[in-house]
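# Structural features, examined
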Amino acid sequence: MNQSLEARLEALEVEFKRLVRRRKQLRAAGAIAGAALLVLVAAGAVADPASPTACAPTRSNLLYCFLPDAPARAADINSNFENLAAWIDQKIGPANPADPEAAPTGTSGLIVVGSGTGLNLSLDGDEVNARNNGVAAPLFLQRGPSAGDTRLNADFGNVIIGAGGPNTAAKLQVNGVVSASQLEVGSGGTRFARVVMGTYGTCSVPGSAPAGQPTAQFVPFGVTFGTAPSVWLQPQELDNSGCTSVRIRQTTTTGFEYQAWTGGTPSACDCIQWIAFGQ
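Let us look at the structure shown here. (Residues numbered from 1 in each chain as written. Predicted model: local features only at pLDDT ≥ 70, side-chain atom pairs only at ≥ 80, totals over all residues. Heavy atoms only, no water.)

Here we take up the packing of aromatic side chains. Applying the stated criterion across every chain, the model contains seven aromatic pairs. When the ring of Phe 221 is compared with that of Phe 225, the centres are 5.3 Å apart and the planes differ by 75°; the resulting orientation is edge-to-face. Here the basic side chain of Arg 143 rests over the ring of Phe 140, its NZ or CZ set 3.9 Å away from the ring centre. Here the basic side chain of Arg 194 rests over the ring of Phe 225, its NZ or CZ set 5.7 Å away from the ring centre. (Phe/Tyr/Trp six-rings, centres within 6.5 Å; stacked < 30°, edge-to-face > 60°. Lys NZ or Arg CZ within 6 Å of the ring centre and 35° of its normal.)

Next up, the structure:
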């Protein structure tokens, strides 16, 4: 009789230990599922509630919800992890992608923000590229009427556009044409909206720029200024004969008039070089 009771007691102890282990496993599974839900809640910028709440309808169709004090099945937890991983992949790209290089075209990148078949931003260790369905697209920084300043290398380093510029020590280096609606050099400098230069006459042909006597010769700018610009000009004589001085008779928004001399005698020039600054 005593042996039978001892055997039953040992069996009850084994069953009790098994139940304790099972309860711990269920608690661990519930904690993992809760962690996954917390990640999704944080991603959605939802505040931590003061008391337990039911699953949101917008998420419960993607993730399994667990009732309080109820067991969680491994298949449900695994499904939640897979859906969460797929959601993260869609937002920031897959972990350890096959091609981590952020190329300007295609779908590669260490991190890809957005859909590979639509607008997306690709990043790797040292590059950022904007794309639209695999094709290079514009990259906007601080876009919008209320955007703040965009400051590049505000304290150290240079800003390089295109490639290294002609002056590699310059704070701003541009390899190519620079176009601006207005240009101001130095504090309090005069602001110019347009600078145009040209050559009137054929410098290799003697006397190809008329003297402009008795009627001044008109030279067009090729563009129209808002107001009459400032014009600087000088004669060029490659054969050491011809005009030695040139004066401006009139400046308009579309061109200027000049007259040329050798000493006090009206004389044609080989060519006249000019530059106009204005608004």
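Glancing now at the nonpolar core. Of all hydrophobic cores here, the largest spans 15 residues; its most connected members are Phe 221, Val 246, Phe 256, Tyr 258, Cys 269 and Trp 274. Counting only elements with at least two residues in this core, the list comes to strand 11 (255–262) and strand 13 (271–278). Each residue touching Phe 221, except ones within four places of it in the same chain, is listed here: Val 196, Pro 229, Val 231, Thr 251, Thr 252, Thr 253, Thr 254, Gly 255, Phe 256, Trp 274 and Ala 276. (Core = buried A, V, L, I, M, F, W, Y, C linked by side-chain atoms within 4.5 Å. Buried < 20%, exposed > 50% of the residue type's maximum accessible area, 1.4 Å probe, protein only. Helix = DSSP H or I, 4+ residues; strand = E, 2+ residues; numbered from the N terminus. Contact = heavy atoms within 4.5 Å.)

Turning our attention to the side chain of Ser 267. Following the sequence through the fold, Ser 267 ends up in the loop between strand 12 (265–266) and strand 13. Exposure remark for Ser 267: the relative accessible area of 14% places this residue in the buried category. For Ser 267, the side chain forms a polar contact with the side chain of Thr 262, separated by 3.0 Å. Beyond its immediate stretch of four places on either side in the chain, Ser 267 contacts Ala 211, Gly 242, Cys 243, Ala 260, Trp 261 and Thr 262. (Polar contact = N/O pair within 3.5 Å; in protein donor to acceptor, adjacent residues only side chain to side chain.)

Assignment of secondary structure puts Gln 259 in strand 11. For Gln 259, a relative accessible area of 2% puts it in the buried group. At a separation of 3.4 Å, a polar atom in the side chain of Gln 259 contacts the main-chain carbonyl oxygen of Pro 214. Ignoring anything within four residues of it in the chain, the contact list for Gln 259 reads Ala 211, Gly 212, Gln 213, Pro 214, Thr 215, Ala 216, Ser 245, Val 246, Arg 247 and Arg 249.

So, about the sheet that holds strand 1 (residues 111–114). Here four strands make up an open sheet; going across it, the order is 1-2-3-4 and the pairing antiparallel. Lying at the two open borders of the sheet, with one neighbouring strand each, are strand 1 and strand 4 (135–136). (Pairing = 2+ DSSP bridges.)

What follows deals with the pattern of salt bridges. Inspection of every chain in the model, using the stated rule, returns three salt bridges. Between Arg 73 and Asp 76 there is a salt bridge whose closest N-O contact spans 3.0 Å. Look at Arg 73 and you get exposed, because its relative accessible area is 54%. By relative accessible area, which is 10% here, Asp 76 ends up buried. Put simply, Arg 191 and Glu 184 hold a salt bridge, and the shortest N to O gap is 3.0 Å. Judged by relative accessible area, Arg 191 falls into the partly exposed class, the value being 44%. (Salt bridge = Lys/Arg side-chain N within 4 Å of Asp/Glu carboxyl O.)

So, about the state of the cysteines. Under the criterion given, the structure shown has two disulfides. Here Cys 203 is linked by a disulfide to Cys 271, with a sulfur-sulfur distance of 2.0 Å. Judged by the torsion about the S-S bond (95°), the Cys 203/Cys 271 disulfide is right-handed. With Cys 203 in the loop between strand 7 (194–200) and strand 8 (217–220) and Cys 271 in strand 13, this residue pair connects regions lying 68 residues apart in the sequence. By the burial criterion, Cys 203 is buried, and Cys 271 matches it. Shown here is the disulfide that connects Cys 243 with Cys 269, its sulfur atoms set 1.8 Å apart. Its S-S torsion of about 120° marks the bond between Cys 243 and Cys 269 as right-handed, since a negative value means left-handed. Pair noted here: Cys 243 is in the loop between strand 9 (230–236) and strand 10 (245–251) and Cys 269 is in the loop between strand 12 and strand 13, with a separation of 26 residues, a long-range link. (Disulfide = S-S within 2.5 Å.)

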